[in-house]
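# Residue-level structure breakdown
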Amino acid sequence: MPTVTPVAGKPNLLIGGYHLADLGYAASEFFISGTASPYAGEGAAGEAEYTTRIVALTPIDESAFNGTVLVEWLNVSGGIDTPAVWMMAHREIARASYAYVVVSAQKVGVDGGVTITGMDMSLKKQDPQRYSSLNHPGDAYAYDIFSQAGKLVRDAKADILGRLEPERFVAVGESQSAMFLTTYINTVDRIAGEYDGFLVHSRFGVAAPLDGVSALESLQEGTSDPAPFRSDLRVPVMNVITETDLVGAVLAGYYRSRQPDNERLRTWEIPGTAHADAYTIAVGFIDNGSAPIDQLAAAYAPTQMLMGQDMGYYINFAPAHHYVLQAAIAGLDNWVRTGTAPPSAPRIEIGEGDPPPLLLDANGIAKGGVRTPWVDVPIARTSGVAESDNVLAHLFGSGEPFDEATRDRLYPGGKGEYLERFTESLDATIRAGYLVRADRSEILELAAATY
C-alpha cells in the first residue's frame, strides 16, 4: 500500500469557471508514495519509487452520496492534468452525488513532456513549490500507480473519502486516458482487480503502449495494431465513441477495433459529434447547474474561433456528446449496481476505405448510431470530421447551421413544428436509454433558445 499525505490548500486542477461549492462539492488533495512495477514483461525495467497526487471531489452533503466512486485517469494530451470526463459530464456526476477521485497517473501531467499543443502546464511547471516533491518514474509504471490509487480509495484507513462509505468503484478516462484504460483492461485488470467497471470515453482504434514510450509519439496513424477489448472482460465496460474517434483524426480510427457488444461490453457511437466541441471549450466552463439557459445557448452558438485561432469554419457545436455521455455514466452505474446492462445501439454507418467515409443522410448527417433529436430533427449539420491542416482542430470536428430556406423546408410550421417534432424525438431517445430524463427540461429549453 502506498503512503498517503494530505496536502493543505487548493489543488491545482482545471475544472471550469465555477466554484466546486456551486455544485455541492469540496476538494481534498493527497500525495501518494509507493513502489510501482511495470507490466511490459520479460526484460522490462524493475520496480521504481514514485510520488504522485490524487484529488478527491466529494459531496458536501454526505448523506446524498450514491455509493459509487468514479476514479479518473487524468488526461495529459494538452500538457496539463485535465479531468476530461468530469468536465464533460459533471452535471450528472453532481446531480447523482458520486464521489470523484482524479489521479495524476502519467508523467506528462507531473513533469511535462510530449503534448498535442506543445505547451507545458505540468504540476511542477505551474506550482513548483507545492509539487516539487512529486516523482514520476515514467508511463510504464502508470498502470500500477492507477491500480494502487484504486486500492487506496477502497481502503477506509487511507481516509481519502472521509466519512463516505463507498460500495462501487468505477474507472473512467477520456481520449489518451481512454487508450491507457484500454490497455489496462486488456492487460492489467485481470491481475489487479481493483475496479468494478470502466467508462472508456473517446478512444481511437489503438491502445497505449506498456513500455512507457509516449503514447503521442508511438501511436501515430497507421503505426500500431488494432486493439479491441479482450473477449473475456472481468467487469462491465461502457465504450463511448464520437464520429472523430470512429474514423480517426490524430490517431487511427476506432473502426479498426470495432467488435460486437457482449454481456460485459456496450459501445455507443454518437453521430453528429466530435471528440471535443463547444461544450469542451465554452459551455462546460460555465455549466454549474444554475446558469441561465440564454447563457448556455450563447456558449453553444456556432463559432469559428478555437483557442484564439480563426479556423475559417465552425467547430462542432452539437449538445449530443455531453448529454449522451451523462446517460452512459448513469447506465454504467446502474449496470454495476444491479447487473442490468444499458441498451445496445446500432453502429454509425461507414463506407469502404482506409479510413472509411461516413455515410450521410440528405442533411449531411451520419446515419446509424445512437439517434438523438439533434440528428433526427436537425437545425444544423454537425460532424466529427474537419478539413484542416491544424492537428488540434481535427479533434473539434465541424458544423454548419441550416439556412432559413432549409429550415422552412424541413419545418413548414416554423418553430412550433420544430419543437413538437424535437420533443417527440427526445422522449423516444430517453425511453431508449440514451439520454437521462433529468436533462429533459433543460434540453427542451435549449432547443427553443437555439432554433
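You'll find the structure just up there.
Keep in mind the model is a prediction, meaning the values are calculated, not measured. (Residues numbered from 1 in each chain as written. Predicted model: local features only at pLDDT ≥ 70, side-chain atom pairs only at ≥ 80, totals over all residues. Heavy atoms only, no water.)

### Quick word on the packing of aromatic side chains
Taken as a whole, this structure holds 19 aromatic pairs when the rule is applied. Between Tyr25 and Trp86 the ring centres are 5.7 Å apart and the planes differ by 70°, which places this aromatic pair in the edge-to-face class. Of this pair, Tyr25 sits in strand E2 (residues 25-36) while Trp86 sits in helix H1 (residues 84-95); the two residues are 61 residues apart in sequence, bridging distant segments of the chain. The class for Tyr25 is buried, based on a relative accessible area of 3%. What makes Trp86 buried here is its relative accessible area of 0%. Look at Tyr279 and Tyr300: their rings are 6.4 Å apart centre to centre, the planes differ by 40°, and that puts the pair in the tilted class. Of this pair, Tyr279 sits in helix H9 (residues 278-286) while Tyr300 is found in helix H10 (residues 293-300), placing the two residues 21 residues apart along the sequence. Just as Tyr279 is buried, Tyr300 falls in that class too. (Phe/Tyr/Trp six-rings, centres within 6.5 Å; stacked < 30°, edge-to-face > 60°. Helix = DSSP H or I, 4+ residues; strand = E, 2+ residues; numbered from the N terminus. Buried < 20%, exposed > 50% of the residue type's maximum accessible area, 1.4 Å probe, protein only.)

### Overview of unusual backbone geometry
Asp354 connects to Pro355 through a cis peptide bond whose omega is 5°. Counting through the fold element by element, Pro355 comes out in the loop between helix H11 (320-338) and helix H12 (373-376). For Asp159, which is not glycine, the phi torsion reads 60° and is therefore positive. Position of Asp159 among the secondary structure elements: in the loop between helix H5 (142-154) and strand E6 (168-174). Despite not being glycine, Ser202 has its phi angle at roughly 60°, a positive value. Mapped onto the secondary structure, Ser202 falls in the loop between strand E7 (197-201) and helix H7 (215-218). The class for Ser202 is buried, based on a relative accessible area of 0%.

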